[in-house]
Amino acid sequence: MFLIIVLCLYVVGRVQGVSRPLVIGHRGAAYLPELTLAAQSMGYAFGADIIEIDVCLTRDNQLIVIHDIYLDGVSNVAEMFPNRNRSNGYSYVIDFDLEELRRLTIRERFRPFNGTQIFPLRFPSNSVIAFQLATLNETIELLLGFNRATGQQRQLLIEIKKPEYHSKYNKSISSIVLETLNAYNLKEPSDPIILQTFHIEELIHIRRNLGSKLRLFALMTWNRINESSSDYDFYRSEEGIRNLSNVIQAITPNLEFVVNYDSNGTILGNTNLTKWAHQNGLAVYPFTFRRDSFPGRSFEQLIQYFLHTARVDGFITDHPDVVLEYLRREMAAKDAIFIEQNSSSSLVSSMLILLCNMIIISKIIV
């Protein structure tokens, strides 16, 4: 009986075709101010498999969903708290309590001090609509509520921002993240939660010292950016990837680590990163694919190359709707070719499915 069911599932799987790469909505979706509950909701509505967020700690140890450790690039903090900035002019999340941050209005990203919008054609940063910061708790509630209401299983990719920076203030941000997740009983690798950070040694700490079973992804960027003390040149080497495979489930590298470009943004070929990752059982999800900012001439051609030639496992993108639409067209075309190539056996497949159903029914009746 078991073999019959397995055979049926195999036949149905072949008829339905292959699954597509994952699409990860970077900070939600690009059409509303980043990381707000509205932007996250839009990402889910577009069909993103995973929503990527960033978390920082407040002075009173509350986890706020925000990309930077300072507030000036996305909020009206300079207007609301004009005397709370540091000597460099920035106002830092860690200098404020949650109650204070609740008073801020969140805007489309702009350059601090001159107000120029980073992506001019996105949601206007001078809009009067009062978007607000979200907490990690609220973001988890949104995920769980969406999954319950839709019967789907969307996921949350949580970037722990700058653990080394937080430790200077005697704050273990990773421990607080895990405590928050534990309160929702989100502990297992099968749960819809993934953790990532640029500080790769922190991932090792989370796995080995804090004992987390959650899936872990390793972010990688250029050493010169000083995102953390991690040596990304080593970790993206063959040896580094092999060592990481004992701790993590995927790498999330800058897309420029996956392919080589010339000075005009033309792709010259693949690096070895994806090959080494796959050889060690790791998935590869590069960042960040932006339709309004990308190397080369065609965003669609960029996606096509990473899909077919670089063979990545998914895309971290500000525009999940655009990437999903392209992938759906690709999958539809692939299914059409599959059906055409197997048209001579389609009748056999249908008869097999019918036969399986008849056998199963007869077993139930007996």
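Looking at an unreviewed UniProt entry, one finds the chain named glycerophosphodiester phosphodiesterase, with Rotaria socialis as its source organism. Here the chain is described in UniProt, under the heading Catalytic activity (unreviewed entry), as follows: "a sn-glycero-3-phosphodiester + H2O = an alcohol + sn-glycerol 3-phosphate + H(+)". We quote the UniProt Sequence similarities (unreviewed entry) comment for the chain here in full: "Belongs to the glycerophosphoryl diester phosphodiesterase family."

Novice: Could you give an account of the overall build of the chain, naming the residues involved and the relevant values?
Specialist: Across its full length, the chain carries 14 helices and 12 strands. Across the 366 residues in the chain, those meeting the buried criterion constitute 49%. For the chain, the proportion of contacts with a sequence separation of at least 24, taken over those separated by at least 6, is 68%. Within the structure as shown, the chain displays about 17800 Å² of accessible surface, and the carbon and sulfur contribution to it stands at 53%.

Novice: Explain the environment of His319 to me, and be specific about the residues and the numbers.
Specialist: Within the secondary structure, His319 sits in the loop between β12 (314-317) and α13 (320-341). Classification of His319 by relative accessible area gives buried; the value is 3%. A C-alpha to C-alpha distance of 6.0 Å links His319 and Ala30, two positions 289 residues apart in sequence. Not counting residues within four places of it along the chain, the set of residues in contact with His319 comprises Ala30, Tyr31, Arg122, Phe289, Arg290, Arg291 and Asp292.

Novice: Any details on the pattern of salt bridges? Residues and values, ideally.
Specialist: As enumerated under the stated definition, the model contains 20 salt bridges in all. Here Arg27 ties to Glu34 by a salt bridge, and the two come within 2.9 Å at their closest N and O atoms. A relative accessible area of 14% means that Glu34 is categorised as buried. With a closest N to O distance of 3.5 Å, Glu100 and Arg59 form a salt bridge. Placement of Glu100 in helix α4 (residues 98-101) and of Arg59 in the loop between β2 (50-57) and β3 (63-65) is noted, with a sequence separation of 41 residues between them. Relative accessible area serves as the criterion here: at 40%, Arg59 is assigned to the partly exposed category. The structure contains a network of salt bridges with shared partners spanning Arg27, Glu34, Asp68 and Arg109.

Novice: Which residues make up helix α12 (residues 299-308), and what values go with them?
Specialist: For α12, the set of buried residues is Phe299, Leu302, Ile303, Phe306 and Leu307. In an axial view of α12, the angular spread of the buried residues amounts to 130°, which keeps them on one side of the axis.

Calculation criteria
Residues numbered from 1 in each chain as written. Predicted model: local features only at pLDDT ≥ 70, side-chain atom pairs only at ≥ 80, totals over all residues. Heavy atoms only, no water. UniProt positions renumbered as here; feature names shortened; annotations may be inferred. Helix = DSSP H or I, 4+ residues; strand = E, 2+ residues; numbered from the N terminus. Buried < 20%, exposed > 50% of the residue type's maximum accessible area, 1.4 Å probe, protein only. Contact = heavy atoms within 4.5 Å. Areas by Shrake-Rupley, 256 points an atom, 1.4 Å probe, with all protein chains shown as cover. Salt bridge = Lys/Arg side-chain N within 4 Å of Asp/Glu carboxyl O. Arc of directions from axis to C-beta.

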